[in-house]
Amino acid sequence: YKCTYLPMSTSFAVLLTCFNRKNKTLLALENLYKAHKKSANKLPMSVYLTDDGSSDGTAEAVAEEFPNVTILTGNGELYWAGGMRNSWNEAKKKDYGAYLLLNDDTNLVEDIFDKIYETDKYCVTTYGSTGIYVGATAEEGSDKTTYGGSVFTNRFLGAIKRCAVDEKKPQVCELGNANVMWVSKNVVDKIGILSEGYVHGMADFDYTMRAVKSKLPVLILPGISGTCINDHGNTYERFMKLSLKERIKFLYHPTGLDFTSQSFHMKRHFPLRYPLFFIVGWLKVLFPKQYYNTLYATRVNRV
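Scope of this entry: the structure provided in the associated data block. Predicted model only: the values in this text are computed from it and were never measured. (Residues numbered from 1 in each chain as written. Predicted model: local features only at pLDDT ≥ 70, side-chain atom pairs only at ≥ 80, totals over all residues. Heavy atoms only, no water.)

### Considerations on the packing of aromatic side chains
(1) Moving on: For the coordinates displayed, the defined rule picks out 17 aromatic pairs.
(2) Moving on: On the basis of an interplanar angle of 40 degrees and a centroid distance of 5.8 Å, the ring pair of F239 and F250 is categorised as tilted. One end of the pair, F239, is in helix α7 (residues 235–240); the other, F250, is in helix α8 (residues 244–252), and eleven residues separate them in sequence.
(3) Moving on: F250 gets classed as buried once you look at its relative accessible area, which sits at 15%.
(4) Moving on: Ring geometry for F259 against F278: centres 6.0 Å apart, planes inclined by 45 degrees, an arrangement best described as tilted. (Phe/Tyr/Trp six-rings, centres within 6.5 Å; stacked < 30°, edge-to-face > 60°. Helix = DSSP H or I, 4+ residues; strand = E, 2+ residues; numbered from the N terminus. Buried < 20%, exposed > 50% of the residue type's maximum accessible area, 1.4 Å probe, protein only.)

What follows is the structure, encoded as structure tokens:
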């Protein structure tokens, strides 16, 4: 990517949240600074990291190795969505031209900022404004994407498919993972930041869907933007082995099925599906094996 144009001429803030992933967090920051150093247009960059009560010395290690990072302290109950809102709210106190949402287990490619700047140019030229740019990630040494942008194949059913990566040009998408997500200031001015109704997951999908509804451009950056392992595994196989009491707890736990965030998302974007969603949610709890065998094993990706 040869960077020849930069509509935005102000500084930007990088937003992260972390919990007990010291080595991964340090590596993500190392790659972030390495990419910024190699970028053709070195806009001033500030980094905001919410440490949500880590006990493994993450905050101390970051402070020592990256003294310019603004470290914020959570109460241990923020999880991903709350931690990112916390970082974003602090960054919003200053006048940044854009925000880069970055997972603490995502390692950016060295030309990420050139990809962003070229996409910014394309977005302004094509749509007349800047927008949201989602970065696709892959596992180390593989071209198989782990996170990125998606489109609906059936909006009523919430069926989606992940977009294949285009190496040469940005693509339009409707939902984006915030492992790597550039948000321009005009987007924040219009729709704000991540919604308060989300505890852990789904806040990034919600944000991109809200942007699309507000006629703001949402694009996928060309090529792979970084590496990130999808380490969620098969949640339902673990779920089936739990006792009834444990399944109820897992249903609502933010790092379990996160039913609170899922319910908020369903009510907001798919209200007609919510009653069925609620019933199915409890069918998972009461009849986990039957649910897995009859529904989950044959389901399509849905939101």
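Once the structure has been displayed, the description carries forward.
### Overview of the side chain of D52
(1) Moving on: Among the secondary structure elements, D52 is positioned in the loop between β2 (45–51) and α2 (58–65).
(2) Moving on: Despite being buried, D52 has no salt bridge partner; R85 is the closest side chain of opposite charge, sitting 10 Å away.
(3) Moving on: From its side chain, D52 meets the backbone nitrogen of Y79 in a polar contact 3.1 Å long.
(4) Moving on: Those residues within four positions of D52 in sequence are excluded, and the remaining contacts are C18, F19, G74, N75, G76, E77, L78 and Y79. (Lys, Arg positive; Asp, Glu negative; His and termini not counted. Salt bridge = Lys/Arg side-chain N within 4 Å of Asp/Glu carboxyl O. Polar contact = N/O pair within 3.5 Å; in protein donor to acceptor, adjacent residues only side chain to side chain. Contact = heavy atoms within 4.5 Å.)

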